[in-house]
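The primary structure of each chain is shown beneath.
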Amino acid sequence: MYAAPSHLIRSTSGLRTNNPLGPAAEMRFRRLLPHAIVVYHAVGAVAWGDQQPLISEPSGAATPILTPDFSEFVQRLIENGKIPGLTVAVVRKDGPTELGAWGIKSEEGAAMTSDTLFSIASCSKAFVSASLGILIDDFAHGRNVTPLPTGLSSLTWKSKLADILPHDWKLSDPWASGSANLIDILSHVSGTAGHDLAIKQTDTVLDVTRNLRNFRPSFELREKWYYNNQMYMVGAHIVSTLSGTRYVDFVKERISNPLKMNHTTYSVGKAVKTGKATETWTSFGRLIPRWLTEDSIDLTAGPGGLISNVEELALWVRTFLNDGVNPATGKPIIPTAAFNTITSAQSIMKGSTFGDPELSIVGYGLGWTRFSYLGHDVIQHSGSSPGVSALITAALSDGVGIVVLANADEKDQPLTNISFMIARRAFGIAEPPPSKSHASRAPGQSQPTGEEFQSRPTPADTSSQVDLRGTYHNIGYGTSELCSVNSTSNHCRAVLDNFRSFDEALTQHTPDLFAAWDTIMTTHARFTPINGGHEILIGSIYPKGYGKDTSPFTTLRPVAFAEFVVEGERVIGFGIRGITDARTGGIEEAADVWFVKQR
């Protein structure tokens, strides 16, 4: 649920993000004729690069975009980018929808189809903002079924969280806690950075909401854009609290059902039961379990839990191209005022183009980013979770939308290349020569892959000779035991067995520290001495592989930097840094997260 296109986040620090938002537009109620659908199904051989799409042209006046040469372009991208399967929808406001499918959706080689179901990760966020917009409109027109909390006279985008959730909401900064409103948290300027690595599998949405008070502020309220998935968990929690119904049921009743998105769901069990759900792969080609679980539906629904396909997401995108109105019925899905707020930039995500003549600065709305591509106004959002990548784009003024879904993670760049090629064709702009095109940029070149950490050499030990093993605690993250290769507790032996499954280079002289780090998307962490501190690698370990390939592997990757504080031979704790340099003082005071050594 947790990533954004690399072309939009070059200047951001820390966590990766997602994008999209759009312009204010007056709602026009109109009925549109049924839209023709052109389908490109992959058939034939089942190896990743061997699918031969069948191509047919759209009826009507629309010029086809998913042509044979486009199919060849996609085929090259999925071969070079290690993407098993990919689907595309090109959506027109009042014209035909083109659908394409390439590659495979299962380890057994089942061909990818346009109705294949994917987790869309952070593209789910737009459903939270839309749901809140619908709820605000319900209260404004007396359609609400629950009363507002005492002291809150009306529900608006400027309503303060402290008034909406008086018993649950609290941040560590008193002023931000009392002043933050819905726009602040949904446009990622709450001042609290995302702490995804503190979210446990057993947490509830209420747990996550109440845990926000335990994180140090990274910035002042509204000072800086910084991605935070937890705030979209809070948004979903607000919908549930004020609608009197479960968030996922609210989305189904008010959005999915009216748009006839009949297979769209938050239940991975239901998706799998249809036989249409894709399996999922890492960026480096290993099959992994689907990351969503039935137990975590309510936890992950807001920031990244929706499961859908390009056919049904085309209906969602066309609603945005029609200013929030369902073109099949002429009835509004997203109220006009809400649509305008959601699709307008509320914060600055990237304040410079960094010399890129094709892109503008980037703003973030509520679950969408907004920017200009080649002079055309665009809203967009990406998604990346274990085993999936997604990118949804809508050029509202041009009446064109694009959906691209892939069944491998960290594929922002290939999906961006595909989306921008489609956009150029839709805008009638000549495609640049290969040396200057977005497609020439190496897919994921800024993203490390799990292959780099399968059995990497250990850097020279630059840490203190003091024994750093032990149990550490942070109130927001909980307790974690750091083990060395010489640890003998049952817990540490189990942890070390997992690391040794893929790293045969571990010896009694290895200076690294190892830990179980059980979150909604990770299992383990490794602290490697480097430059006077420790690089923290976090991910999952599969000691018995997965699927047909039973060889062990890991998705560990560097995410942060830790510094230990030692007084004499006594270890005080360690701080995690990498979000902000605004704090002054020693490590304990300046760290983004401070862990105290307990024993």
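All of these numbers come straight from a predicted model, not from anything done at the bench.

## As for the environment of Arg216
- Within the fold, Arg216 resides in the loop between helix 6 (205-211) and helix 7 (230-243).
- Arg216 gets classed as partly exposed once you look at its relative accessible area, which sits at 27%.
- When neighbours within four sequence positions are excluded, Arg216 is seen to be in contact with Ser172, Arg583, Glu588, Glu589, Ala590, Ala591, Asp592 and Trp594.

## Examining the confidence of the model for the chain
- When pLDDT is averaged across the chain, the result is 86; 84% of the residues are at 70 or more.
- Residue range residues 2-59 is modelled with pLDDT below 50. Its contacts to residues more than four positions away, or to other chains, number 250 contacts.
- Ignoring residues within four places in sequence, the model shows residues 435-463, a span with pLDDT below 50, making 70 contacts including any to other chains.

## Some remarks on empty space enclosed by the protein
- Within this structure, the stated rule accounts for four cavities of 30 Å³ or more.
- Every residue lining the largest cavity is counted, 13 residues in all, and those nearest its centre are Phe118, Ser119, Val268, Thr278 and Arg290.
- Together, Tyr373, Val378, Thr393, Ala394, Ala395, Val400, Ile402, Ser419, Phe420, Ala423 and Phe427 line the second largest cavity.
- Going through the elements one at a time, strand 16 (388-395), strand 17 (400-406) and helix 13 (412-427) are the ones with two or more residues in the lining of the second largest cavity.
- Here the lining of the second largest cavity is composed, by residue class, of nine nonpolar, two polar and no charged.

## Let's talk about the nonpolar core
- Leu86 and Trp316 are the most contacted members of the largest nonpolar core, which totals 128 residues.
- Per element, the largest residue contribution to this core is nine residues, and it comes from helix 2 (residues 125-140).
- Apart from residues no more than four positions distant in its own chain, Leu86 is found in contact with Val74, Ile78, Gly100, Ala101, Trp102, Met112, Val404, Leu405, Ala406, Leu415 and Ile418.
- Val485, Leu496, Phe502 and Leu506 belong to the second-largest nonpolar core, a separate cluster that totals 10 residues.

## What about the state of the cysteines?
- All chains considered together, the criterion is met by one disulfide.
- Paired through a disulfide, Cys483 and Cys492 show a sulfur-sulfur distance of 2.1 Å. Disulfide Cys483 to Cys492: torsion about the S-S bond roughly -80°, handedness left-handed. You'll find Cys483 and Cys492 in the same group, each marked buried.

## Some details on the environment of Ile572
- Mapped onto the secondary structure, Ile572 falls in strand 26 (residues 570-577).
- According to the relative accessible area criterion, Ile572 is buried, its value standing at 16%.
- Separated by 27 residues in the primary sequence, Ile572 and Arg599 have C-alpha atoms spaced 9.9 Å apart.
- When near neighbours in sequence (up to four residues on either side) are disregarded, Ile572 contacts Val565, Glu567, Trp594, Phe595, Val596 and Lys597.

## Details of the packing of helix 1 (residues 68-80) against helix 13
- Helix 13 packs onto helix 1 with a crossing angle of 165° between their chain directions and a minimal axis gap of 10 Å. By the angle between their directions, the pair helix 1 and helix 13 is classed as roughly antiparallel. Helix 13 is crossed by helix 1, and the crossing has right-handed handedness. Residues Asp69, Phe70, Phe73, Val74 and Leu77 of helix 1 form the contact with helix 13, whose own contacting residues are Pro414, Asn417, Ile418, Met421, Ile422 and Arg425.
- Split by residue class, the contact of helix 1 with helix 13 holds eight nonpolar, one polar and two charged.

## Topic: the pattern of salt bridges
- Tallying each qualifying case throughout the model produces 19 salt bridges.
- Note that Arg143 is salt-bridged to Asp137, the shortest N-O span being 2.4 Å.
- We note a salt bridge from Asp503 to Arg526, for which the minimum N-O separation is 2.8 Å. You can see Asp503 sitting in the loop between helix 14 (490-500) and strand 20 (513-516) and its partner Arg526 sitting in strand 21 (residues 524-530), a full 23 residues away along the chain. Considered together, Asp503 and Arg526 belong to a single accessibility category, that of buried residues.
- Members of the salt-bridge network, linked through shared partners, are Asp137, Asp138, Arg143 and Arg254.

## Examining helix 13
- Here helix 13 spans 22 Å end to end across 16 residues, near enough to the 22 Å set by a 1.5 Å rise per residue.
- Most of helix 13 sits inside the fold, with 14 of its 16 residues counted as buried.
- Remark: Gly428 follows helix 13 within two positions and exhibits a positive phi of approximately 75°.

## Here we look at the packing of aromatic side chains
- Applying the stated rule across the entire model yields 23 aromatic pairs.
- Geometrically, the ring pair formed by Phe127 and Trp316 is stacked, given 3.9 Å between the ring centres and 15° between the ring planes. Here Trp316 lies in helix 11 (residues 310-321) and Phe127 lies in helix 2, a separation of 189 residues in the sequence.
- Classification of Phe127 by relative accessible area gives buried; the value is 0%.
- Exposure remark for Trp316: the relative accessible area of 0% places this residue in the buried category.
- Between Phe284 and Phe553, the aromatic rings sit 6.3 Å apart at their centres with planes inclined by 80°, giving edge-to-face as the arrangement. Placement of Phe284 in the loop between strand 7 (280-281) and strand 8 (287-288) and of Phe553 in strand 24 (residues 553-554) is noted, with a sequence separation of 269 residues between them.

Quick notes on the rules
- Residues numbered from 1 in each chain as written.
- Predicted model: local features only at pLDDT ≥ 70, side-chain atom pairs only at ≥ 80, totals over all residues.
- Heavy atoms only, no water.
- Helix = DSSP H or I, 4+ residues; strand = E, 2+ residues; numbered from the N terminus.
- Buried < 20%, exposed > 50% of the residue type's maximum accessible area, 1.4 Å probe, protein only.
- Contact = heavy atoms within 4.5 Å.
- pLDDT = per-residue confidence, 0-100.
- 1 Å grid on protein atoms, 1.4 Å probe; cavity = no way out; pocket = protein on both sides within 12 Å on 5 of 7 lines; lining within 4 Å.
- Points joined across faces, edges and corners; volume = space filled by probe spheres on them.
- Nonpolar A, V, L, I, M, F, W, Y, C, P; charged D, E, K, R; others polar.
- Core = buried A, V, L, I, M, F, W, Y, C linked by side-chain atoms within 4.5 Å.
- Disulfide = S-S within 2.5 Å.
- Axes fitted to C-alpha atoms, helices over the stretch in contact; angles between N-to-C directions.
- Parallel < 35°, antiparallel > 145°, perpendicular 65-115°, else oblique.
- Left-handed = near helix turned anticlockwise from the far one by under 90°.
- Salt bridge = Lys/Arg side-chain N within 4 Å of Asp/Glu carboxyl O.
- Expected span 1.5 Å × (residues − 1).
- Phe/Tyr/Trp six-rings, centres within 6.5 Å; stacked < 30°, edge-to-face > 60°.

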